[in-house]
Amino acid sequence: MFERSLPAAPVRAGRPTREQAQARHAALLDRAFQHFLEKGYDGATIEAIAADVNMTKRTVYARHPDKAALFRAAIRHGTEARAAPAHVIAGTRRETLKDTLIAIAMLRIALVSQPGGAELQRLINTEAYRFPDIFQTYYEIAALPSVRFLAEILENETAAGRLAIEDAILAANVFISMVVSGPVRFIVAGNSLADEDVDRRVRFAVDLFLKGAEPR
């Protein structure tokens, strides 16, 4: 008499590895970022974002307690993905100070011109009144590394007697505002600027900055 064979126990999927969990979370933030870019904060929903990555709302809420938390995380994630790495910033150094300043400015403008760059700026501008911290997040991730790199250059030039700058960090921030913000505002507003127009604006502003920083 043969024994009845018992049905095989169901195979349970193991817990995801740390790498798999991180990749899954990154996918969530990628899609959340796109939803917020395309639909704005009010138009994007947790339900739609979760469905887009085959997650339950419960899984999303386990990571981010509410929509505002997911929004902040998505902005940080999207900003980090578009920020220039240190070696790219260092690669703006040229033989002359003027050419270095032009290269730094062009890099900052190019970052806004890349896919999603202008949309990210618009989203931050639109939602900064409700989430003032996202502006600081963007500044610290996307702008501050270039500001610090430039400040070090300005300090060295001042020490060599070629410039007269008392506060290098402040001067670097003023440089970004003075040289970069104009073309960026055009791009964010949806206007196109020809390469020669960007080049002319940047060179003019760089010359003004250097003239103002000359030793008296």
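About the thresholds
Think of each chain on its own: its residues are numbered from 1, step by step along the sequence as written. Only residues with pLDDT of 70 or above have their local features reported here, since the model is predicted, and side-chain atom pairs are shown and tallied only from 80 upward, although totals for entire chains, interfaces and linings are computed over all residues. No hydrogens and no water enter the side-chain calculation; it runs on all heavy atoms of the structure. For patches, a residue must show more than 30% relative accessible area and have no salt bridge; joins then use 9 Å for like charges and 5 Å for nonpolar side chains, namely Val, Leu, Ile, Met, Phe, Trp and Tyr. Each accessible area is a Shrake-Rupley result for a 1.4 Å probe, and residues are judged covered by the shown protein chains and nothing else. Whenever a carboxyl oxygen of Asp or Glu lies within 4 Å of a side-chain nitrogen of Lys or Arg, that contact is scored as a salt bridge. All tallies of charge rest on Lys and Arg as positive and Asp and Glu as negative; His and the ends of each chain are not included. Charge placement uses NZ in Lys and CZ in Arg. For Asp and Glu, CG and CD serve respectively. Helix and strand labels come from DSSP, where a helix needs a run of H or I of at least four residues and a strand needs a run of E of at least two; each type is numbered from the N terminus. A simple rule labels every residue: compare its accessible area, found with a 1.4 Å probe on the protein chains alone, to the largest value its type can have, and call it buried under 20%, exposed over 50%, or partly exposed in between. The span you would expect from a helix comes to 1.5 Å times its residue count less one. Residue contacts are defined here by distance: any two heavy atoms, one from each residue, within 4.5 Å place the two residues in contact.

**Some details on a negative patch on the surface**
Reasoning step 1: On the surface, E152, E155, E166 and D167 cluster together to form a negatively charged patch.
Reasoning step 2: One can find E155 in helix α8 (residues 133-159).

**Focus on the pattern of salt bridges**
Reasoning step 1: Scanning all chains against the criterion turns up 10 salt bridges.
Reasoning step 2: For the salt bridge of K57 with E47, the shortest nitrogen-to-oxygen distance reads 3.2 Å. Here E47 lies in helix α2 (residues 46-52) and K57 lies in helix α3 (residues 57-63), a separation of 10 residues in the sequence.
Reasoning step 3: Note that E214 and K211 form a salt bridge whose closest N and O atoms lie 3.8 Å from each other.
Reasoning step 4: Since its relative accessible area comes to 34%, E214 is described here as partly exposed.
Reasoning step 5: Among the ionic contacts, a cluster of salt bridges with common partners joins D42, E127 and R130.

**Digging into helix α10 (residues 195-212)**
Each α-helix winds once per 3.6 residues, and so residues spaced three or four apart point in a common direction.
Reasoning step 1: For α10, built from 18 residues, the straight-helix expectation of 26 Å at 1.5 Å per residue is met to within 8% by its first-to-last C-alpha distance of 26 Å.
Reasoning step 2: The secondary structure elements touched by the buried residues of α10 are α6 (97-113), α8 and α9 (168-188).

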